Amino acid sequence: MINNWPNTIAHIDADAFFASCELARNPHLRGKPLMVLGKLDSCILAKSPEAKIAGVTTAMPVWDAKKLCPNGVFIQGDFRYYTLISRQMMAILCEWSPVVEVYSVDEAFVDMNGLRGMYRKSFDQIGDKIREQIKNDLGITVSVGVSVNKTLAKMGCEINKPDGTTIISGRKIDEFLAKIPVTDVPGIGYSRGELLKKYRVENCLHLAKMPQSFVQRLFGKMGVLLWRELRGEISFPILSDPPPPKNIGRTSSFEKPVSDLRMVEGLAFFHLERALNALYRHRMIASEITLHLRNKDFQIYGIPYQFSKPTADFFKIAKVLKSLINQIPSGHIWRSTGVILSKLSDGKSLQYDLFEGAEKALNSEKVDEAKAHINEKYGQFTVRSGSTLYLGGKCKKQSNRMGLI
Ligand SMILES: [Mg+2]
């Protein structure tokens, strides 16, 4: 048993974020089954509660969702707008605490230590005030979980969705854990759950009470970190300045598996544009690119290429990608493709090759910059690689997904 509040962290998670954003600006659609479509319009990215009741799930193909909801409203994702709402939501959280970790587009961890005294309110009241402010200012609802560490705050946040606040103080941890099946712990899926069942570990309290050696043997080091958090200790501190990514990958499936390599080229270049956007945003350069492919039998192929020196130059990387596409083994039907940029380093360390000519390198940098500027202003893919034309109208001009893609 630990004290009530040796440390306090809140997890804030928007409810059905993309769908809520659409409802906030289209209030006349409230009460209807609304679905937001992902990239290339092929799958459901978010759904309103009415669509959920009809059986629609996230990542479901559009044609299946249309069968379940023939009168549903289908909206193409507008990521520029969602990013704007996300930034406003994070700004509200920063008004409440100086330490906020943006965990995803619609989730954040907030350091609550010291806030009770500062606002003269209980954690419960602070959670409710945060929800209220986000609802009033942005028109979307969020759920809040407050506990002694990240894992417990996140698990707490889940149980009172939508639009709820859950408080799990140190002394209430055991009572809370006893109600939660182990499969609800982030990182423990169905098969691990089945394994634990054999040891009569069914709820989280059972797991938290098992010896460390048992958890280590079954789930390794990561499992032990999680087990410590279930016991109220801290394995994962708040990172208000998250570390830069180690690699950037962007991949997706075709609507239907294809054998035409021009389609593979189109989708691979579409993802190259997206991966490079993320690379530019992090001001990084890459030493390696891998063309990722998965065939209809779900076998995965990776064709890697190592650059002679790290780069972020679109033309240089595009030329390499084209050569990797030429190496694709024949006779396959492809289900998905994409690119992974890896061995990333800080873009400031970029050095121009004396023999290549600094002027040439600077010119292509200027083209990349101008392209990024136009796409930022007029929407992603306004200016894009000609290879994406193989995708036909599927790669139409899209809104920017600033901070996300
Ligand atoms: Mg959410």
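Predicted model only: the values in this text are computed from it and were never measured.

A. Layout of the nonpolar core. One finds I12, F17, M89, L93, I134, L177 and L196 to be the most contacted residues of the largest nonpolar core, which totals 63 residues. At nine residues, helix α4 (residues 79-96) tops the list of elements feeding residues into this core. Taken domain by domain, this core gets at least three of its residues from each of domain 1 (17-79) and domain 2 (82-230). Excluding anything up to four places from it in sequence, I134 contacts M89, I92, L93, G139, I140 and V142. One finds L276, V320, L324 and V339 within the second-largest nonpolar core, a separate group that totals 37 residues.

B. A look at a nonpolar patch on the surface. Taken together, the side chains of I374, Y378 and V383 make up a nonpolar region of the molecular surface, amounting to roughly 240 Å² of accessible area. By the secondary structure assignment, V383 is in the segment after α14 (358-378). By relative accessible area, which is 31% here, V383 ends up partly exposed.

C. Examining the domain arrangement of the protein chain more closely. Along its sequence, the protein chain is carved into domain 1 (17-79), domain 2 (82-230) and domain 3 (248-395). Once you take the C-alpha centre of each, domain 2 and domain 3 turn out to be 36 Å apart.

D. Representation of the packing of aromatic side chains in the model. What the rule picks out here adds up to twelve aromatic pairs. Each ring, one from Y81 and one from Y82, has its centre 5.9 Å from the other, and the planes form 55°; the classification is tilted. Here Y82 falls in the buried class, since its relative accessible area comes to 0%. Centroid distance Y301 to W334: 5.4 Å. Interplanar angle 85°. Geometry classified as edge-to-face.

About the thresholds
- Think of each chain on its own: its residues are numbered from 1, step by step along the sequence as written.
- Restriction of local features to residues with pLDDT of at least 70 applies here, the model being predicted, together with a cutoff of 80 or more for giving and counting side-chain atom pairs; totals for whole chains, interfaces and linings are based on all residues.
- Each side-chain value is derived from all of the structure's non-hydrogen atoms; neither hydrogens nor water enter the calculation.
- What is meant by a nonpolar core is a set of buried Ala, Val, Leu, Ile, Met, Phe, Trp, Tyr and Cys residues, joined one to another through side-chain atoms within 4.5 Å.
- When a residue's accessible area, from a 1.4 Å probe over protein chains only, is under 20% of the maximum for its type it is buried; when over 50% it is exposed; and in between it is partly exposed.
- By definition, any uninterrupted DSSP run of H or I lasting at least four residues is a helix, any uninterrupted run of E lasting at least two residues is a strand, and each is numbered from the N terminus.
- What marks off one domain from the next here is an automatic or database domain assignment.
- The contact rule is simple, with two residues in contact once any of their heavy atoms fall within 4.5 Å.
- Like charges are joined within 9 Å and nonpolar side chains (Val, Leu, Ile, Met, Phe, Trp, Tyr) within 5 Å, but only among residues with over 30% relative accessible area and no salt bridge; these make up the patches.
- Using a 1.4 Å probe, accessible areas were evaluated by the Shrake-Rupley method; residue-level cover was limited to the displayed protein chains.
- Definition used for salt bridges: Asp or Glu carboxyl oxygen within 4 Å of a side-chain nitrogen of Lys or Arg.
- Pairing of aromatic side chains here covers Phe, Tyr and the six-membered ring of Trp, requires ring centres within 6.5 Å, and sorts the geometry by plane angle: under 30 degrees stacked, over 60 edge-to-face, intermediate tilted.

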